[in-house]
Amino acid sequence: MNIAPAHLEALKALGYTEAEARFLYIVATHSGYFTARQFLAFTGAHWGKRTTTFWSKLHARKHARTECFPKSGTVYHLFSRRLYRQIERENIRNRREHEIEYIQRRIGMLDFVLLNEGYQYLETEPEKVRFFCGTLNIQKHYLPARLYLGSKTSSTSVRHFVDKFPMFFVPPSPVVTFTYIHEGAAAFTDFVRHLESYLPLFRQLSEFRLVYVSRTDSHFGKATEIFSSLVKIPLESDIAGDLLHYFRVRKAWDEKQYAAVTDADLIFRNHARARFTGERFEGLYRGWKNGRVSEIGIRQEVGTNDRKHTVDFDTFLLQRIGPVVDSANTE
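Keep in mind that what you see is a predicted model, and the values were worked out from it rather than measured. (Residues numbered from 1 in each chain as written. Predicted model: local features only at pLDDT ≥ 70, side-chain atom pairs only at ≥ 80, totals over all residues. Heavy atoms only, no water.)

A.B. asks: I tried to follow the pattern of salt bridges on my own but got confused; where do I start?
C.D. replies: Side-chain pairing between opposite charges can occur once the charged atoms of the two side chains come close. With the rule as written, the count across this model stands at 21 salt bridges. Glu9 is paired through a salt bridge with Lys12; the nearest N and O atoms lie 3.4 Å apart. Separated by three residues within a single helix, Glu9 and Lys12 lie in helix α1 (residues 5–12), roughly one turn from each other. Of the charged contacts in the structure, one is a salt bridge between Arg215 and Glu183, with a shortest N-O distance of 2.7 Å. Separated by 32 residues along the polypeptide, Arg215 in the loop between β9 (207–214) and α9 (220–236) and Glu183 in the loop between β8 (176–182) and α8 (189–202) bring together distant segments of the chain. Taken individually, Arg215 and Glu183 each receive the classification buried, so the pair is uniform in this respect. Each of Arg37, Asp111, Glu183 and Arg215 takes part in a single network of salt bridges with overlapping partners. (Salt bridge = Lys/Arg side-chain N within 4 Å of Asp/Glu carboxyl O. Helix = DSSP H or I, 4+ residues; strand = E, 2+ residues; numbered from the N terminus. Buried < 20%, exposed > 50% of the residue type's maximum accessible area, 1.4 Å probe, protein only.)

A.B. asks: Would you mind going over the packing of α1 against helix α2 (residues 18–30) with me for this structure?
C.D. replies: The angle between the axes and the distance between the axes are what describe a pair of packed helices. For the pair α1 and α2, interaxial distance at closest approach is 9 Å and the crossing angle is 115°. In terms of axis orientation, α1 runs roughly perpendicular to α2. Considering the relative orientation of α1 and α2, their crossing is right-handed. Side by side, α1 and α2 meet where His7, Leu8, Leu11 and Lys12 of the first sit next to Glu18, Ala21, Arg22, Leu24 and Tyr25 of the second. In the contact of α1 with α2, the residues fall into five nonpolar, one polar and three charged. (Axes fitted to C-alpha atoms, helices over the stretch in contact; angles between N-to-C directions. Parallel < 35°, antiparallel > 145°, perpendicular 65-115°, else oblique. Left-handed = near helix turned anticlockwise from the far one by under 90°. Contact = heavy atoms within 4.5 Å. Nonpolar A, V, L, I, M, F, W, Y, C, P; charged D, E, K, R; others polar.)

What follows is the structure, given as structure tokens:
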């Protein structure tokens, strides 16, 4: 992780030590929220005068507030516009107040970054846009985006990469590693939506990697299945292969052979149905189902994938870093 010396100096000018400044920079950039155990682990400190002085500075300067949750304990929220301005993060949404589910995921993101400081992160929205559109020459409309309406006017703005999950690479290689942080309920609907929003960008990349991060390995099997069905298989296979896969799953479902259809097949079918829509594909399906069109004929009709993709998927068991501290100061 490369932190600009100017940013560290700007935070130190606010009265923080070198270690405190580094920690605050990482929190402001990647989370906005932190817990006592994370600060203690990062600085190697113990409860005492040093930590008390740090909390006192944060509150006295109105740089952070303390928020307490019945099941999550005490969380510190770095919200000061002035502090964010010092490191050119004034417009980042991390300084705004959020619900507990959002905060828990941000704490998880910070745990991941603190456990993996050695990577080169794409930290901000402009930095990510410059990398993909400038360095990799990908058109902007392929990037995951969300439209926001102005709160006081009818104006709109388009924001990219609003999930802010850690994204990094290891120079000089331009191969990007994306992450997805699973926190909260075990439902995978959000993971599917996330992958679908990134698929246009994924299709433009010859090679990339995604790391699925969770505090329990019980999610890993299902996540691997979903990613393989929705991303890895379609991108690494040819278009004709995807179409034939869709036809087989659709036929089994139409003929009520439900035992032959897995959850991954259903996810693939739902995505492929939107991809292969129109009379052309309906005609091919009817012809294939009735035996009038062969698989070879389908491959000749639709062609093959013109871009070679190398897609890697990994899982990461997220540990709560830090020493064991008083329960009143933990998540």
